[in-house]
Every structure is written in C-alpha cells, then in structure tokens.
Amino acid sequence: KVGLICIGDENDQGYTYNFIRGKEAATEALAAKGIYTGVTMMPLLPLINDTRENVEAIVRRAKDAGASYILPMFGVTLRSGSREHFHATLDREFPGLKARYEACFGNRYECFSPSYRKLDDTFRNLCAKLGLETRMRFYAPTLPEQGSLF
C-alpha cells in the first residue's frame, strides 16, 4: 500500500504541481506492472474546489494514469484544532469564506459539499462510462492446494 497526500493547488507550478505529476507517474508505473492502483479523491473542499469540472478532471486523469478505482469524499473533515487552522487559512486565502463555512457547517466534523448529490452523480456516471471502480477490491490471497503424494 502506498499513500500520497497533496495539500496544495496544482496550478502553483512549484511543489504541489511537481508532486501531482510525480503521483501520476507513480500510478502509471504501478499500473503498467499490473499492480492494482487507485486514487482517493479527498478532500474536495466545499465552496472552493467542489465543482463538476474538477471531479471530471480528476476522474479522467486517474483513468489516463491507469487507476482501477477512485474513492471519493465530497467534503472535508475538520476536527477541533484543525478547524481553527483551516478557518484561519480561509480568512487569509479566501476572505469572507470562513463565515460561509461557519454558517453551513458550524462545528461539524464532516463537512460535505452543498453540491454533494450533483457531484456524486457526475462522479458515478463518469466512472461507469470509463470503467473505473468506485470501491476498492480487498486482497484475497489464493489458498495453497494440498499436493498429492500419489
């Protein structure tokens, strides 16, 4: 199992941009060797990057990279402590958005996009069209067979 987490904007042309290109290259290399690979599409930040266009782009790029599955979360989780840091970042990067987050989500841990149903429909329809699984298959080793002495 390999996990890669991206926390920035892919358009920064710096660390995050290069990280995403590397992640895609790793997915391609693993898939080319027949290794079951997938993408976790999370978080999608409500009111920031929770758009149909973003979901479609992520799904298509995952398919192009050879992913077999995508696990989505159309929202973000905010525990106490993380929430305060996130809200401070909203104040700095997206003035006025913190008030909308507080009105929509209060102190909830799970903050799902107001566009959840639309995003989920877009995601599932495109995954079906492209042949991508929306769940991860679990490893099931084959059991060795008892050999015969005769």
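Residues numbered from 1 in each chain as written. Predicted model: local features only at pLDDT ≥ 70, side-chain atom pairs only at ≥ 80, totals over all residues. Heavy atoms only, no water.

Q: Before we go on, may I ask you to explain the pairing of strand β1 (residues 38–41) in this structure?
A: Alternating positions in β1 separate cleanly, V39 and M41 being buried on one face and G38 and T40 remaining unburied on the opposite face. For β1 and strand β2 (residues 69–72), the ladder comprises four bridges, and the chain directions are parallel. Bridge pairing in β2 links M41 to P72. (Buried < 20%, exposed > 50% of the residue type's maximum accessible area, 1.4 Å probe, protein only. Helix = DSSP H or I, 4+ residues; strand = E, 2+ residues; numbered from the N terminus. Pairing = 2+ DSSP bridges.)

Q: Sorry, what's going on with helix α2 (residues 52–64) here?
A: Think of an α-helix as turning once every 3.6 residues; residues three or four places apart then point the same way. The end-to-end C-alpha distance of α2 is 18 Å, a good match for the 18 Å that 13 residues give at a rise of 1.5 Å each. Taken as a whole, α2 has its buried residues at V55, V59 and A62. Buried residues along α2 cover an arc of 65° about the axis, so they all sit on one side. Among the exposed residues of α2, those pointing more than 90 degrees away from its buried face are E53 and D64. (Expected span 1.5 Å × (residues − 1). Arc of directions from axis to C-beta.)

Q: Where do I start with unusual backbone geometry in this structure?
A: Note on backbone geometry: most residues besides glycine have negative phi, and most peptide bonds are trans. Cis geometry marks the peptide bond from M42 to P43, where omega comes out at -5°. In this structure, P43 sits in the loop between β1 and α2. We note that L47 has phi near 70°; this positive angle belongs to a residue other than glycine. The topology assignment puts L47 in the loop between β1 and α2. Judged by relative accessible area, L47 falls into the partly exposed class, the value being 26%.

Q: When you look at the state of the cysteines in this model, what are you seeing that I'm missing?
A: For the structure shown, the criterion picks out zero disulfides. Just so you know, C104 is unpaired, no disulfide at all, and the nearest cysteine sulfur is the one on C111, 9.3 Å from it. (Disulfide = S-S within 2.5 Å.)

Q: Where do I start with the nonpolar core in this structure?
A: In globular proteins that are soluble, nonpolar side chains generally tend to be buried together. Membership of the largest hydrophobic core comes to 14 residues, with the highest contact counts inside it found for M41, V55, V59, I70, F74, F123 and C127. Contributing elements (two or more residues each) for this core: β1, α2 and α5 (116–130). Dropping the residues within four chain positions of it, M41 is found in contact with V55, I58, I70, L71, P72, M73, F74 and F123. Among the nonpolar cores identified, the runner-up in size contains nine residues, and L45, V76, F86 and Y101 belong to it. (Core = buried A, V, L, I, M, F, W, Y, C linked by side-chain atoms within 4.5 Å. Contact = heavy atoms within 4.5 Å.)

Q: Teacher, can you tell me more about helix α3 (residues 82–93) here?
A: Under the 1.5 Å per step criterion, the end-to-end length of α3 is 16 Å for twelve residues, consistent within 8% with the ideal 16 Å. Within α3 the residues assigned to the buried category are R83, F86, H87 and L90. When α3 is viewed along its axis, its buried side chains cluster within an angular range of 100° and face the same direction. The exposed residues of α3 that point more than 90 degrees off its buried face are H85 and R92.

Q: What is the right way to look at the packing of aromatic side chains in this model?
A: Pairs of aromatic rings are described using the distance from one ring centre to the other and the angle between the two planes. Following the criterion strictly, the structure yields six aromatic pairs and no others. Plain terms: the ring middles of F74 and F123 are 5.8 Å apart, the flat faces sit at 70° to each other, and that makes the pair edge-to-face. Residue F74 is found in the loop between β2 and β3 (75–77), and its partner F123 is found in helix α5; the two are separated by 49 residues along the sequence. A single burial state applies to F74 and to F123, both of which are buried. (Phe/Tyr/Trp six-rings, centres within 6.5 Å; stacked < 30°, edge-to-face > 60°.)

Q: How should the pattern of salt bridges be read in this particular structure?
A: Where charged atoms from two side chains of opposite charge come close, those side chains can pair. Inspection of the entire model under this criterion finds four salt bridges. Across the pair E93 and R92 runs a salt bridge whose closest N-O atoms are separated by 3.3 Å. Residue E93 is classed as partly exposed on the basis of its relative accessible area, which comes to 48%. Given a relative accessible area of 56%, R92 falls into the exposed group. Between R124 and D120 there is a salt bridge, with its nearest N and O atoms 3.0 Å apart. With a gap of four residues between them, R124 and D120 both fall in helix α5, about one helical turn apart. (Salt bridge = Lys/Arg side-chain N within 4 Å of Asp/Glu carboxyl O.)

Interpretation in functional terms is not warranted from these geometric data alone.
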